[in-house]
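A closer look at the structure
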Amino acid sequence: MGKLRPGMATPLLAAVLAVAVTACGSGGGNGGAGASSGAAQPAEKIKLTVALFSDFHFAPLYEEFKKTHPNVEIVERRAQFNDHHKNLTTQLATGAGAADVEAVEAGYIATFTPLADKWYNLNDYGLGKRQGDYLDWKWKQGLSPDGSKLLGLGTDVGGLAMCYRTDLFKKAGLPTDREEVSKLWPTWEAYMEAGKKFVAAKVPGAKWFDGPGENFRAIVDQAPVGFYDEQNNLVAGTNADVKKAFDLSAQMVLADESAKLAAFSPPWNTGLTKGSFATIICPSWKTGSIKDAAPTTAGKWDVAAVPGGGGGNQGGTHLMAPKQGKHPKEAAELIDLLTNKDAQLKLFTDAGALPSIPALYDDPTITGFKNEFFSDAPTGKIFTDAAKALKPQHVGPKAGDVLTAFGNALQRVEQGKQSPEESWAQALKDLERIK
Amino acid sequence: MATRAPDNLAATPSLPPVRHRPRAYRRHLVHRLDVKVSPYAYVAPFFLLFCAFGLFPLAYTAWVSLHEWTLLSDVHEFVGLDNFVTLLGDDYFWNATFNTLSIGVLSTVPQLLLAIWLAHLLNRPLRTQTLFRVTLLLPNVTSVVAVVVIFSQLFGRDYGLINWVLSWFGVGVIDWNAGTATSHVAISVMIMWRWTGYNALIFLAAMQAVPRELYEAATIDGAGGMTQLRKITVPVIRPTIIFVVITSTIGAMQILAEPLLFGTYSPTGGPDRQYQTLSLFIYENFVKLDFGYASAVSWMMFLFIVVIAAVNYLLTRRTRGNLT
């Protein structure tokens, strides 16, 4: 027996070591699971992953892509908005886990374009030819800071309008016709006054708007300068327009106009369905979100002009290809297809995504488009008008974090925890922490 | 046979080893190695894994915490204890500490009392005993995400079930998420839902080892159910109680998923950080990619856990009964 035992110990030890080594190996390689494997030959089966932060209604476009690329399989994955962008940051920094095509929203685009060496230069794949299609400012947002590299191609822009519930307006004795409603609020101050009338009418279970954060964002977006100046200095704390937007939003909250629902939270979804608020700021893509989140409210909505006289961009997305991807050529071709004229036209009618190709603003499919869900509102005309009036604002590197700080500040006022002054002061302290 | 000699030698160690035969000596050496080294090989898997995933991260975190360390920058400047100095003066850190302790006490204390009581109820001949025991464990095997999502809806302000029930008793609309106390209660309820049954099963296992004669004697002496629980069960299962208290406390110190999901993914734990726990505070700095600071918070949290576990141990050790 003495002979047997040492014999057993050796393989056992080997097994132990093997387990430890594989455990480490799989731990380290875990993040890379999403990336496609091996250097592929052209005809070989290829898997492309596309990472998005909501349903972009891309599915029919993938099918179209597969017609010309039968060897490509496309896998889409979605994460919550903030998570998506945070994940992307870590994936780029650690060099593993990013998808072949990544969606980057306008609030984050300036965080990612300075990391030019982490992305494929789409100029190398012939996409520079698309420049003529695009709104100039949207094109520039996708360039590296020195302008030499093309890192992302735009999908949509977020021209602004105001969506409202005709049924609730009627109950409160306000006009319901979209022309007259637009006249109710030439300015945000007038919007607040109209809200006071609505609140005074005491429509059961309904407030004037969902929450102050998105209104604040819209007011800031309409200013010539937002949170950052052109040199990427954080000026949010000293910019009078930001302070004005904050004070105005806080006043609306104090006038009891807010339904106190944070945008895109589950209670907000419920509120949309149950009619907890009468108006909601509508970048064009949000017409799609409302339709997806509250399908039973069809016909109860309409769309009017945004207070503050048009202008302002909220959101909009770029598609980018991280250098971790093994199939840049196919990724670039997919990006090209997902952002071309036909795709943008289709995404407008399907998902309310306003094209970033200005030639389409005069396309009869768009100008004549009436949105059935929104009481046949001519959203094509409303949003293209907004897009034409749009004065783009420079978006700085940490605009998303800045917006979160102010959003929290307004919620503190909303929850009665702080006065607007105290809350503003704390928001400024939070800004100092943003590095 | 001569080749079997080393075996016999090992069996009777008083005999001197046979030194004149090199071959036998080698066998003897192998055997000695086997006896001395093999046990270490058998326990090695745990220690190897622990070093790789426990000890090394712990030490490396300490190293990172001494640096200005962000993910996107390749330069990691050594700053000594600066991160800890900043941390001790950081209101948000102390706020998170308070929240963690508050949620910890609110969830752990009722949870353990409830668990002992449940175990006591089950520690008697019952029909469908297994069914009851499995039921106890069900909340624990449910995904934490599912639990928090459902409970967040139950605790909803406008359309939540709990507010609806409370409205029958004339209680006004409670914004559970907004208040400090209310949000702590809501999160504690989620934790209790998941862990009470699990702890009850551990207590039950311990209770079944308590000698029946003690209860019989107590019954003859006229002691009721509660007295028996207090005077017999609790003192006898004291080691198990200490174990459960310490594991629950450590668990409570590390609460992350509940507040994160309760605030719909907001790492600040509500707009006023009213339910941001220490783990969530680490997570907030982690997603900001400020690894140096996040590591410093992690180490402070580690120290807190050590201190609290020690205090816990001392306190629970003092609840010594008369029996032991």
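These numbers come from a predicted model, not from an experiment. (Residues numbered from 1 in each chain as written. Chains lettered and ligands numbered in written order. Predicted model: local features only at pLDDT ≥ 70, side-chain atom pairs only at ≥ 80, totals over all residues. Heavy atoms only, no water.)

Below, the discussion takes up the environment of Glu333 of chain A. Residues and elements named next belong to chain A. Within the fold, Glu333 resides in helix H13 (residues 328-339). Overall, Glu333 belongs to the partly exposed group, its relative accessible area being 27%. Filtering out sequence-adjacent residues up to four positions away, Glu333 remains in contact with Phe65 and His69. A distance of 2.5 Å separates the side chain of Glu333 from the side chain of His69, its partner in a polar contact. (Helix = DSSP H or I, 4+ residues; strand = E, 2+ residues; numbered from the N terminus. Buried < 20%, exposed > 50% of the residue type's maximum accessible area, 1.4 Å probe, protein only. Contact = heavy atoms within 4.5 Å. Polar contact = N/O pair within 3.5 Å; in protein donor to acceptor, adjacent residues only side chain to side chain.)

Moving on, we get to the side chain of Asn313 of chain A. All names here are of chain A. Turning to its location among the elements, Asn313 is positioned in strand S8 (residues 313-320). At a separation of 3.1 Å, a polar atom in the side chain of Asn313 contacts the main-chain carbonyl oxygen of Gly315. What Asn313 contacts, discounting residues up to four positions off in sequence, is Trp137, Val157, Gly158, Gly159, Asp221 and Leu390.

All names here are of chain A. Once the domains are mapped, chain A shows domain 1 (44-157 + 317-349) and domain 2 (158-314 + 377-433). Computed over C-alpha atoms, the centres of domain 1 and domain 2 are 29 Å apart. If you look at the interface, domain 1 gives 13 residues, while domain 2 gives 17 residues. Of the roughly 1200 Å² buried between domain 1 and domain 2, counting both surfaces, carbon and sulfur atoms make up 53%. Interface area lost by domain 1 to domain 2 is led by Trp137, Val157 and Phe348, which between them contribute 38%. On the surface where domain 1 and domain 2 come into contact, there are 2 salt bridges. Put simply, Arg217 and Glu105 hold a salt bridge, and the shortest N to O gap is 3.6 Å. Linking domain 1 with domain 2 are 4 residue pairs in polar contact (both at pLDDT 80 or more), by the criterion used here. (Domains from an automatic or database assignment. Buried area = accessible area lost by both parts, 1.4 Å probe. Salt bridge = Lys/Arg side-chain N within 4 Å of Asp/Glu carboxyl O.)

Once that is clear, we can look at the pairing of S8 of chain A. Within a regular strand, the side chains alternate between the two sheet faces. Residue and element names in this part refer to chain A. With 8 of 8 residues buried, S8 is to be regarded as a mostly interior element. Relative to S8, strand S3 (residues 101-105) is paired through 4 bridges, and the arrangement is antiparallel. Its bridge partner lying in S8, Glu102 is registered against Met320. Summarising the sheet, strand S4 (residues 152-165) and S8 pair through 5 bridges and their orientation is antiparallel. Across the sheet, Leu153 pairs through a bridge with Leu319, a residue of S8. (Pairing = 2+ DSSP bridges.)

In this model, chain A carries an average pLDDT of 88, and 90% of its residues clear a pLDDT of 70 or more. Every residue in residues 1-41 of chain A scores below 50 in pLDDT, and together they form 37 contacts with partners more than four places removed in sequence or on other chains. (pLDDT = per-residue confidence, 0-100.)

This part takes up the pattern of salt bridges. Counted under the stated rule, the structure contains 24 salt bridges over all chains. Several salt bridges share partner residues, and in doing so they unite Lys129, Arg130, Asp133 and Asp336 of chain A into one network.

Here the focus is helix H6 (residues 144-154) of chain B. Residue and element names in this part refer to chain B. Listing the buried residues of H6 in full gives Val147, Val148 and Phe151. Across the axial projection of H6, the buried residues extend over an arc of 90 degrees, all falling on one side. In this structure, H6 carries Ile150 and Gln153 as exposed residues pointing more than 90 degrees from its buried face. Buried residues along H6 sit against helix H8 (180-207) and helix H12 (257-262). Residue Ser143 occupies the N-cap position of H6, its side-chain oxygen lying 3.1 Å from the main-chain nitrogen of Val145. (Arc of directions from axis to C-beta.)

Residue and element names in this part refer to chain B. Here helix H9 (residues 212-220) crosses helix H10 (residues 225-236) at 145 degrees, and the two axes come no closer than 11 Å. When you trace H9 past H10, the crossing you get is right-handed. Counted together, Leu214, Tyr215, Ala218 and Thr219 of H9 and Gln228, Ile232 and Thr233 of H10 form the full contact between these two elements. Along the lines of polarity and charge, the residues of the contact of H9 with H10 split into 4 nonpolar, 3 polar and no charged. (Axes fitted to C-alpha atoms, helices over the stretch in contact; angles between N-to-C directions. Left-handed = near helix turned anticlockwise from the far one by under 90°. Nonpolar A, V, L, I, M, F, W, Y, C, P; charged D, E, K, R; others polar.)

This paragraph deals with the interface of chain B and chain A. Interfaces are frequently sized by the accessible area removed from exposure as the parts join. Across the contact, 38 residues belong to chain B and 38 residues belong to chain A. Buried surface at the junction of chain B and chain A, both sides included, amounts to about 3200 Å², of which 59% is carbon and sulfur. A per-residue breakdown of the area chain B buries against chain A is headed by Tyr92, Tyr159 and Pro271 of chain B, which together make up 18% of the total. Connecting chain B to chain A are 1 salt bridge. Notably, a salt bridge pairs Arg433 of chain A with Asp90 of chain B, separated by 2.6 Å at the nearest N-O pair. Taken together, the links from chain B to chain A amount to 9 residue pairs in polar contact (both at pLDDT 80 or more). Those elements that place two or more of their residues in the side of chain B that touches chain A are helix H2 (22-64) and helix H13 (278-287) of chain B. Classifying every residue of the side of chain B that touches chain A gives 19 nonpolar, 7 polar and 12 charged.

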